[in-house]
Amino acid sequence: GTLPKGTPHSELWGARTLCDAVLHSDTKEPVPTPFRVCAFVPANVPICAGMLMMPQTPFNVVFWQWVNQSYNAGFNYCNRNASSSLDNQTLGTMYLSATALSVTMAIGLGKAVKKAPISPGTAALLGRIVPYCAVAGANVFNICLMRSGELKSGIEVKDESGKVVGVSKEAAKAAITQAAITRALMPAPVLLVPPVIMQLLDKCKLPPRIRPAVEFSVIIGCVAIALPAAIGVFPQEASIAVNKLEPELQQELCSRSNADGSPITNLLFNKGV
């Protein structure tokens, strides 16, 4: 389209930022509000608080791991690379598998910590680390299952102008690997740092009345700082060298060039989140 005469650059970039935040990078369709990247931090504050602050009873462990994996499944699906598709039955199986894994790990590791011959203080600290192990393991499992179809069908790769030039399974491997690393890193500062900080603060003998507020504030701070940093470890639109693609795709690209006439040495792909 064309811009009205006199439109300031700041307004143009504001509109671009808004589109990037709301629209899926592949389909250009709006992403449901709770599953947008900009909503990830506020959505995770109550989830992380529930996993860290609630008593570690079997019901609480199961409930909060289920809430977390339910949200993750929706987030992964809504922000996936949309050049491949999965049927509802497969999606349901993946979701149930990831939820079962996270619950099993959380309960199993929790029981192992209680039975371990360690001091009560160490057991309490390790007990607070259990949620991270369960969440990180299930996150990686969840995203690998959710996007396993991409390994079979491949994902679209584009030249520097954004034109789709082919479909690559190697690019799919790179996209899923980067996404899995990101999802393993994301809960680390959020679920590991608050227990350590609170253990140090407990030595200062915090009044019981203000301790929950302090712990909740620590969780909010960690979520606000750590999650955006983890999401930004890899760019949304990642790059892959042509010589790392399938031989047949490399051969096809030999006869093509960029818009400026230079040979195509790197291609872009949407890694998903």
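Residues numbered from 1 in each chain as written. Predicted model: local features only at pLDDT ≥ 70, side-chain atom pairs only at ≥ 80, totals over all residues. Heavy atoms only, no water.

**Some thoughts on the overall build of the protein chain**
Piece 1. For the protein chain, the helix and strand inventory stands at 10 helices and four strands.
Piece 2. The helix and strand sequence of the protein chain, counted from the amino end, reads α-α-α-α-α-α-β-β-α-α-α-β-α-β.
Piece 3. With the C-alpha coordinates aligned to their principal axes, the bounding extent of the protein chain is approximately 70 × 50 × 30 Å.
Piece 4. Residues counted as buried form 38% of the 273 residues belonging to the protein chain.
Piece 5. A separation of at least 24 residues holds for 76% of the contacts in the protein chain among residues at least 6 apart in sequence.
Piece 6. A distance of 14 Å separates the average location of the 23 positive side-chain charges in the protein chain from that of its 17 negative side-chain charges. (Helix = DSSP H or I, 4+ residues; strand = E, 2+ residues; numbered from the N terminus. Buried < 20%, exposed > 50% of the residue type's maximum accessible area, 1.4 Å probe, protein only. Contact = heavy atoms within 4.5 Å. Lys, Arg positive; Asp, Glu negative; His and termini not counted. Charge placed at Lys NZ, Arg CZ, Asp CG, Glu CD.)

**Regarding the pattern of salt bridges**
Piece 1. Considering all chains together, one arrives at three salt bridges under this definition.
Piece 2. The partner of E170 in a salt bridge is K173, and the shortest N-O contact between them spans 3.5 Å. Placement of both E170 and K173 in helix 7 (residues 169–185) is noted, with a separation of three residues, approximately one turn of the helix.
Piece 3. Within the structure, one salt-bridge network assembled from shared partners comprises D202, R211 and E215. (Salt bridge = Lys/Arg side-chain N within 4 Å of Asp/Glu carboxyl O.)

**Quick notes on the packing of aromatic side chains**
Piece 1. Counted under the stated rule, the structure contains seven aromatic pairs.
Piece 2. The rings of F35, F40, Y71 and F75 are connected pair by pair, giving a single aromatic cluster. (Phe/Tyr/Trp six-rings, centres within 6.5 Å; stacked < 30°, edge-to-face > 60°.)

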